[in-house]
Amino acid sequence: MSVTESTPFTHPTLIEAVTRQQYPAGTFYVVATPIGNIADISLRALHLLSLADAIACEDTRNTAQLLSRYGIQKPLIAAHQHNEREVAGKILQRLQAGERIALVSDAGTPGVSDPGAKIVNELKAAGIPVTPLPGASAAVSALSASGLLDEHFYFAGFLPSKAGQRASILQQLESMQASLIFYEAPHRIEESVQAMLEAFGGERRIVFARELSKLFEEIHRCPLAQASGWLAGDPHRLKGEYVLIIEGKAQAEQADQLEARRVLQILLQECPLKQAASLAAQLTGQKKNALYQLALSMKSEAGEEE
């Protein structure tokens, strides 16, 4: 398929913008694909996919279906999380022979909570040019519609499935003054939201972005204290892929934590951990459990044991 022959976008300016771009042989092209609506693909991506000698993809069945909807047929190379390093060597040989190879994931931008980063790393180490063709990203799409005012954001991806590991990571992120972006599967959404409530408290806002760009897209913002109730309000909300965004810690909260650390640092020199947390709660007005966790973290940072 060529853009000039098979798409409705036949305005000369668009055709020129797509075709005048250089697409050198022996280059690896990282191509973003739609996260839901198949129209969300760039003309450059369609043109490049039509030029590629082969396409490396997360799931050959999904990619074959996607390509068929654009009228593209190409040899596919399975490149998933279990074979990335192995397939990187095969792709390298083909690129060194002068082929163009494209990389796509099942949806969105490869290498962002999807396979691809290891392949790109191996190819760059071998001196292969890697060119990105930007496009759909669930994380950035959700952030753009969140209305959160943080100047920075931190992409955390998927949380661990084990409760202890999940709680540990959330605790590490708790003090960040940046919007925190997570991906979550529907079967874990309730437990993850509960863990976020326990880690961040009920006042911070959460944004639910479900099924972005699809028929039943839903974006909802509320305080974390109301998040579990919102999920329970409609059984359909337990279906579909989620992007979750937690607003960053406010500067006032950051100042409170700095004060808590100062007080705990003094008390821990004279008191056992539990007593230090209890006294710090009385002195600062902050929650004893949170101060206990902070004290544990401080001791760990200092290389001490309780």
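Parameters and conventions
Residues numbered from 1 in each chain as written. Predicted model: local features only at pLDDT ≥ 70, side-chain atom pairs only at ≥ 80, totals over all residues. Heavy atoms only, no water. UniProt positions renumbered as here; feature names shortened; annotations may be inferred. Core = buried A, V, L, I, M, F, W, Y, C linked by side-chain atoms within 4.5 Å. Buried < 20%, exposed > 50% of the residue type's maximum accessible area, 1.4 Å probe, protein only. Helix = DSSP H or I, 4+ residues; strand = E, 2+ residues; numbered from the N terminus. Contact = heavy atoms within 4.5 Å. Pairing = 2+ DSSP bridges. Axes fitted to C-alpha atoms, helices over the stretch in contact; angles between N-to-C directions.

- Under an unreviewed UniProt entry, the chain has the name Ribosomal RNA small subunit methyltransferase I and belongs to Undibacterium curvum.
- Turning to the chain, the UniProt annotation filed under Subcellular location (unreviewed entry) states: "Cytoplasm".

Concerning the nonpolar core
Logical step 1: Counting residues in hydrophobic clusters, the biggest one holds 21 residues, and the most contacted among them are Phe182, Met196, Ile206, Phe208 and Leu244.
Logical step 2: Only helix H8 (163-173), strand E7 (179-184), helix H9 (189-200), strand E8 (205-210), helix H10 (227-232) and strand E10 (242-246) provide two or more residues apiece to this core.
Logical step 3: Per-element tally for this core: the top contributor is H9, with six residues.
Logical step 4: Contact partners of phenylalanine 182, with chain neighbours within four places excluded, come to Ala156, Gly157, Leu159, Leu170, Leu173, Met196, Tyr242, Val243, Leu244 and Ile246.
Logical step 5: Within the second largest apolar cluster, 20 residues are counted, among which are Tyr23, Ile55, Leu67 and Leu133.

Here we look at the environment of leucine 49
Logical step 1: Position of leucine 49 among the secondary structure elements: in helix H3 (residues 43-51).
Logical step 2: Of the residues examined, leucine 49 reaches a relative accessible area of 1% and is grouped as buried.
Logical step 3: Along the primary structure leucine 49 and leucine 231 are separated by 182 residues, whereas in three dimensions their C-alpha atoms are 39 Å apart.
Logical step 4: Apart from residues no more than four positions distant in its own chain, leucine 49 is found in contact with Val31, Ile41, Ile55, Leu67, Ile72, Lys74, Ala102 and Val104.

Considering the sheet that holds strand E3 (residues 76-78)
Logical step 1: Strand order in the open sheet made by the five strands is E3-E2-E4-E1-E5, with parallel pairing throughout. Two strands in the sheet have a free side with no partner beyond their single neighbour: E3 and strand E5 (130-133). The mean angle between the axes of side-by-side strands here comes to 25°, regardless of whether they run parallel or antiparallel.
Logical step 2: Strand direction decides the pairing type here: strand E1 (residues 28-31) and E5, joined by four bridges, are parallel. From the neighbouring strand, valine 31 faces E5, where its bridge partner is leucine 133.
Logical step 3: Across the sheet, H3 is in contact with E1, strand E2 (54-57), strand E4 (101-104) and E5; its angle to E1 comes to roughly 140°.
Logical step 4: Packing against the sheet, helix H6 (residues 117-125) makes contact with E1 and E5, and its axis sits at approximately 155° to E1.

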